[in-house]
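If you want the building blocks of each chain, they are given just below.
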Amino acid sequence: MKVLVIGGGAREHALCRSLSLDPDVTALYCAPGNAGIAEVAELHPVDPMDGDAVARLAVQLQSDLVVVGPEAPLVAGIADAVRAAGIPCFGPSKAAAQLEGSKAFAKDVMAAANVPTARSYVCTTPEEIDEALDAFGAPYVVKDDGLAAGKGVVVTPDLAAAREHALACERVVIEEFLDGPEVSLFAITDGVTVLPLQPAQDFKRALDGDEGPNTGGMGAYSPLPWADPKLVDEVMASVLQPTVDELRRRGTPFSGLLYAGLAITSRGVRVIEFNARFGDPETQVVLARLKTPLASVLFHSATGTLDAEPPLTWRDDAAVTVVIASHNYPATPRTGDPIEGLADVAAQDEPTAYVLHAGTKRDGDAVVSAGGRVLSVTATGKDLAEARERAYTAVGRIRLDGSQHRTDIARKAAGAEG
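Being a predicted model, the structure only gives us computed values, none of them experimental. (Residues numbered from 1 in each chain as written. Predicted model: local features only at pLDDT ≥ 70, side-chain atom pairs only at ≥ 80, totals over all residues. Heavy atoms only, no water.)

### Looking at the pattern of salt bridges
Logical step 1: Considering all chains together, one arrives at 24 salt bridges under this definition.
Logical step 2: Here Arg334 and Asp337 are joined by a salt bridge, their closest N and O atoms 2.9 Å apart.
Logical step 3: Looking at Asp337, the relative accessible area reads 13%, which means it is buried.
Logical step 4: Between Lys382 and Glu386 there is a salt bridge; the shortest N-O distance is 3.5 Å.
Logical step 5: Among the residues examined, Lys382 registers a relative accessible area of 61% and is labelled exposed. (Salt bridge = Lys/Arg side-chain N within 4 Å of Asp/Glu carboxyl O. Buried < 20%, exposed > 50% of the residue type's maximum accessible area, 1.4 Å probe, protein only.)

### Comments concerning helix 8 (residues 159–167)
Quick reminder: α-helices carry 3.6 residues per turn. Residues three or four places apart thus point the same way.
Logical step 1: All buried positions along helix 8 are accounted for by Ala162, His165 and Ala166. Down the axis of helix 8, the sector holding all buried residues measures 100°, keeping them to one side. Set apart from the buried face of helix 8 by more than 90 degrees, the exposed residues are Ala160 and Glu164.
Logical step 2: Of the surrounding secondary structure, the elements contacted by the buried residues of helix 8 are helix 7 (126–136), strand 7 (140–144), strand 8 (153–156) and strand 9 (172–175).
Logical step 3: At the N-terminal end of helix 8, a side-chain oxygen is found 2.9 Å from the backbone nitrogen of Ala160, two or three residues along, and the residue is Asp158. (Helix = DSSP H or I, 4+ residues; strand = E, 2+ residues; numbered from the N terminus. Arc of directions from axis to C-beta. Contact = heavy atoms within 4.5 Å. Polar contact = N/O pair within 3.5 Å; in protein donor to acceptor, adjacent residues only side chain to side chain.)

### Side note on unusual backbone geometry
Logical step 1: Note the cis peptide between Ala138 and Pro139, where omega equals -10°.
Logical step 2: Within the secondary structure, Pro139 is located in the loop between helix 7 and strand 7.
Logical step 3: One non-glycine residue, Asp210, lies in the positive phi region at around 55°.
Logical step 4: Note on placement: Asp210 falls in the loop between strand 13 (205–207) and strand 14 (211–214).
Logical step 5: We classify Asp210 as partly exposed; its relative accessible area is 46%.
Logical step 6: Positive phi is not limited to glycine here, since Asn328 has a value of about 80°.
Logical step 7: Summarising the element assignment, Asn328 is placed in the loop between strand 18 (318–325) and strand 19 (339–340).

### Some remarks on the nonpolar core
Logical step 1: Judged by nonpolar contacts, the single largest core of 79 residues is most densely connected at Leu4, Val66, Leu240, Phe274, Val320 and Ile398.
Logical step 2: Ignoring sequence-local partners within four residues, the contact set of Leu4 consists of Tyr29, Cys30, Ala31, Val54, Leu57, Ala58, Leu61, Ser63, Leu65, Val66 and Val67.
Logical step 3: Core analysis: the next-biggest nonpolar cluster, separate from the first, contains 41 residues, Phe186, Phe278, Val286 and Ala295 among them. (Core = buried A, V, L, I, M, F, W, Y, C linked by side-chain atoms within 4.5 Å.)

### Details of the side chain of Ser255
Logical step 1: Relative to the elements of secondary structure, Ser255 occurs in the loop between helix 9 (231–249) and strand 16 (256–265).
Logical step 2: Polar contacts involving the side chain of Ser255 include one to the side chain of Arg83, which spans 3.4 Å.
Logical step 3: Once residues lying within four places of it in the same chain are set aside, the contact partners of Ser255 are Arg83, Gly91, Pro92, Thr189, Asp190, Gly191 and Ser301.

In structure tokens form, the structure reads like this:
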């Protein structure tokens, strides 16, 4: 199978790494990719938002499967353009990707499918905003209705800050605060059959102790030793299958990766949000634990034959990812700084720890930072404590001027093991 992956972040590097280890994959391409992906896939320049260009490249490369990584191209309809060219594509249509593209659309689908979620109001005027904030009280949860690269949500006890964020959005969803730990659960679906992956937890705040601004994610771990063993079955029955069934009933079947962001509240599981693609950085830890070869699962999803795929198998290992971010992330990150120590990790830590590139590029012989989140250092071990130790040992070998990372990824969960 010849596979083309669209995107250029750590999620796409994780996907390419897994696909490169799959014996069924005879050729692996990535567009546009990054400096790390170039080590496992052949890179091609393409604008991921240009459906015609992506489809032309897929045809030119005689791809058997296209895998679209990021949300913005999916919401823009890239998967439709690829399918129109006659090539199977892993990723939802433009219509189905509205599940991530519009918080209001997602709330409507959840209401119709009887999926448990926070009570909410969709607001477009200052008056509606004030009424909604008053109705729920603090802490305030304010979500930009559209895509915001993981940074469109403000949770704050400060009424003025909540109102300021709401007024800056064209359309905004204001909802009740959900207590309890958050969990990410991915499922691969072809629009009928749903195959859940293993749950993970990510860390959204920039600083240790969940302080600082929201980010796209500063680290993740899997499995969750503190979670109810029946969690996946429960979420399948109450969230994932009903959502897939409702979208099919509406004539907009969802095929690809359905991501449920969940809060485990005192009243049970509630959906915080849906995404229409693999989450970053949770993908890095989930794929590190997946034993089943990836290509056939994605192909069966893309071709509507997921019922032919046997149950997924998983390694017993735990996995931890620590994100190294550039100076001043998530505000205005500095780029162009050289990254040193990558060869040291490769020589001393692989295969139990390895570096996935997020925002990097080649500058002559050097690899330099090219984004806010620069690297995802991922490690596996017999338990979270060992995976954590290996991840942070590898992080310690990397030098990037002014960089930042959290030191508490999976610390609490590792303490809860056994």
